[in-house]
Structure formats: C-alpha cells, structure tokens
Amino acid sequence: MATEEPTQYGRQVSTEDHILEVEDATVRFDLDRGQSTVLDHASLDIRRNEIIGIVGESGSGKSMFAASLLDVVEDPGLLTGEITYYPENPKTLPQGITTDADGAVKILDLNKEQKRRYRWEEAAMVFQGAMSSFNPTMKIGAHFKETIRAHNADLDERMTHARDLFDALHLDADRVFGSYPHELSGGMKQRALIALSLVLEPEMLVMDEPTAALDMLMQRSIIAMLRELQDEFELTILFITHDLPLVAGLADRLAVLYAFEFVEVGSAYKVLKNASHPYTRALLRSLPSIDSVVEEMQPIEGAAPDPVSIPSGCRYHPRCPIADEQCTVEDPDLMDVEDEQVAACFYPEESRETITYSLHSGVVEEDM
Ligand SMILES: Nc1ncnc2c1ncn2[C@@H]1O[C@H](COP(=O)(O)OP(=O)(O)OP(=O)(O)O)[C@@H](O)[C@H]1O
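Residues numbered from 1 in each chain as written. Predicted model: local features only at pLDDT ≥ 70, side-chain atom pairs only at ≥ 80, totals over all residues. Heavy atoms only, no water.

For the protein, an unreviewed UniProt entry supplies the name Oligopeptide/dipeptide ABC transporter, ATPase subunit and the organism Halorhabdus utahensis.

(A) The site of the ligand, seen in detail. Near the ligand, the surroundings consist of 14 residues, among which Val38, Ser58, Gly59, Lys62 and Ser63 are the closest. Glycine 59 is positioned such that a nitrogen or oxygen atom in its backbone is 2.7 Å from an oxygen atom of the ligand. With the chains in place, 66% of the 630 Å² that the ligand exposes on its own is no longer accessible. Looking at the shell around the ligand element by element, the count peaks at 3 residues for helix H1 (residues 62-69). Tallied by class, the residues present in the shell around the ligand amount to 5 nonpolar, 5 polar and 4 charged. (Near = heavy atom within 4 Å. Polar contact = N/O pair within 3.5 Å; in protein donor to acceptor, adjacent residues only side chain to side chain. Areas by Shrake-Rupley, 256 points an atom, 1.4 Å probe, with all protein chains shown as cover. Helix = DSSP H or I, 4+ residues; strand = E, 2+ residues; numbered from the N terminus. Nonpolar A, V, L, I, M, F, W, Y, C, P; charged D, E, K, R; others polar.)

(B) Structural detail: unusual backbone geometry. Note that the residue after aspartate 75, namely proline 76, is joined by a cis bond; omega there is 5°. In this fold, proline 76 is placed in the loop between H1 and strand E4 (78-85). Non-glycine residue histidine 41 carries a positive phi angle of around 50°. Along the chain, histidine 41 turns up in strand E2 (residues 34-47). By relative accessible area, histidine 41 is classed as partly exposed at 44%. Its identity as a non-glycine residue notwithstanding, glutamate 209 has a phi of 45°, on the positive side. Relative to the elements of secondary structure, glutamate 209 occurs in the loop between strand E7 (204-208) and helix H7 (216-233). (Buried < 20%, exposed > 50% of the residue type's maximum accessible area, 1.4 Å probe, protein only.)

(C) Region of interest: H7. Between its terminal C-alpha atoms H7 stretches 25 Å, which fits the 26 Å expected from 18 residues at 1.5 Å a residue. Every buried residue of H7 is listed here: Met218, Gln219, Ile222, Ile223, Met225, Leu226, Arg227, Leu229 and Gln230. Two or three places before leucine 217, at the start of H7, stands the capping residue aspartate 215, its side-chain oxygen 3.1 Å from that residue's backbone nitrogen. Looking one or two residues beyond H7, the residue adopting positive phi is glutamate 234, at roughly 50°. (Expected span 1.5 Å × (residues − 1).)

(D) Quick peek at the side chain of serine 351. On the secondary structure map, serine 351 appears in helix H12 (residues 348-354). Under the relative-accessibility criterion, serine 351 is labelled buried at 0%. From its side chain, serine 351 meets the backbone oxygen of serine 276 in a polar contact 2.7 Å long. Apart from the residues within four sequence positions on either side, serine 351 is in contact with Ser276, His277, Pro278, Arg281 and Ile322. (Contact = heavy atoms within 4.5 Å.)

(E) Local environment of the pattern of salt bridges. Considering all chains together, one arrives at 18 salt bridges under this definition. Because the salt bridges share partners, they merge into one network encompassing Asp17, Arg48 and Glu203. (Salt bridge = Lys/Arg side-chain N within 4 Å of Asp/Glu carboxyl O.)

Written out as structure tokens, the structure reads:
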C-alpha cells in the first residue's frame, strides 16, 4: 500500500516495507538527584527509502533517539527496548551478522565488532559536531582510504563510489580529496563528511542537526542535495532537527518528540496542514518567518519538563490549553486520528478547533 497524500515531491513510499522498527526505546541515566528518563518508550517504524524528519525542542530527546538507533548511547546511559533492522539484501550483510527467520537483525543483541560494522556498512550517522571529527593533519582523501581499509572493502571500487557521491553533492572530488580539512569551507566539509558516511553504501543515513552550524543558504542547498542523494542512491534518511521549517520541504513523514516521547507522527502533508496534537499545533504557531505577522506568532508558554520529574498523565498537560482532569491522570498512547496520522491526545478534534495556526510560505509550498 502506498501513501495517498502527496508530499512536496509527490513521492510514494510503501507503508508496509520497514527498514527499522524501534519499539519502546528508553534511555535512563542514574543521577544524584534521581533517575533521569531522557527517552521514554519511543516506538517508530521507519519505512524503506523514506525521508523522515524527527522534530522537537532542544532537550526533547532527539539525539538520544538517534543514538539509540545505532546503539551508541554514551555511558552511563542505559538503553532498553528493541531495535530491529530489516536489510534489503541479507546476503550483503557484514560478516557475522545474520538475520532470523523473519529477515530481521536485533541490533541490541549484536556484539561489539558486529555493531561497529552495522554502524558504517548498514546505517551511518552524521551529526552536528562531526565536522571537527576530521583529523586536521590528514587530507580528506586519506580519511576515505582509512575508512575503506578499516572495513576491508575494495579500495578502487569504494573510491569510485566516493566520486559519484561527490558529484551528487556538487563537490570537486580531486580538489577535496587533496585538501586538508581546514582548507575547506564549513559547507564543503559537511558535504565531504556526508560522502564519507555513505562510502560503504549503508542503506540508512541518520543525520542529527547536520546543518546547524551552517548559514541558511548552505543549509537549504544541502537539503536540496539530500533529496537528490536519496533518489540516486535509494537511501532511507532520518533527519533530526529542532528546525521544523528546514525539514518541512524535505521529509515524507514527520515525527514530533515532546519531553522524550513521540506525540505525533504522520505524513508531512497532514502533520503540517492539519496537526492534531496541541504541542505540534503550538510549535507550528510559534514559528518565526519573514512574512508572518508578529501578533500571530505565539511562543509556547511554560517550560518543557525535567527528565527527572516528568508530569503524570499526559506530559504536555501543564502547558496544554485544552487539558482536563483525564489528561492529568491518564497518559494517552499514540492513536489514529486519520489514515497516515497518529497523535497522543485524547482530544485531537478540540485541539484542531482551539489552537489555530497558519502556515507561511517558508514552511509549505503553495502547491502542497
Ligand atoms: N550524558 C548525559 N547524562 C545525563 N543526561 C543527559 C546526558 N546527555 C543528555 N542528557 C539529557 O537528555 C535529555 C535529552 O537530550 P538530547 O540531547 O537527546 O536532546 P535533543 O532534543 O537532541 O536536544 P538538542 O537539540 O539541544 O541537542 C536532555 O534533558 C539532556 O539534558
């Protein structure tokens, strides 16, 4: 079955073919002042070849979710739950990684070496601070060769692939390979890093605020290139950001995190045009833009909860204008509000009627 709603690019992605299933991913830290739950039973199915935007305020758990997908939550954080990977072609899995009878690989059960290989060869990650992970004394080309050799891959074949990636990212391969990191602009370095993360042909690319350190023009141009990359190399991309307008033009689906759990997931079209969770609607109403009327922009009142003391019931209830008694005691699960749209709210209709917002041209194209 394919999605019915058009995205801005009119893409059709199968809703049934999952590349990754995340079930009840939870990350906890034991702090002196109590137990801190920084990802709370987050469940999400990632569809093969989709671009999914994970959005939420700073501190909402986006990076913890990204780290969970690759099982790289830093110590002493404790990750529990289930991360299940369905490779398109189990025959090309790195040595030692096998699928079960359902064609699945349980990521949290892999050993250290298997995880290392899963991380580069099946699912790669690019994150905000990663540009500084280039060794300043090594030319960019040497970084590629080192990575290829570390995975015992064919050097010529992989370097040819790197050149294809550079083309798709509008980079001059000869120039970039021969440069030291400091000789490249921020935008070039970030694109070189994206190419490096894809050199071993992973099926999935997880990007955590990959463009946050770049100026707006470069951000937009990288977004456009990601779409081309996705098409050309048949990638699944998870794009994690606090900047909803940035990802609105790229994503097929959006998943909204609030206080360490998903509160709304759906086709980008539906979530932007007709958000159902009061938090999503408040987030859309708070967006600044060049052409928005100042009176219409309203910051979300109150503060996001402390992960050591998450409110009972719906965790958004202290900030929610439509919360009632039930919301203070019962925690709503994600529920269908429409085909291709789920929200964790007991009152999606009231939410739509009460919390109004209008989208400006910076968020959604006119013909969406
Ligand atoms: N090493 C750590 N120990 C304890 N708590 C942590 C640790 N790292 C992050 N946290 C907490 O986990 C919560 C979620 O953080 P996370 O980095 O996932 O948020 P985020 O949505 O990615 O935010 P940002 O956009 O600011 O990066 C925050 O409350 C943060 O303070």
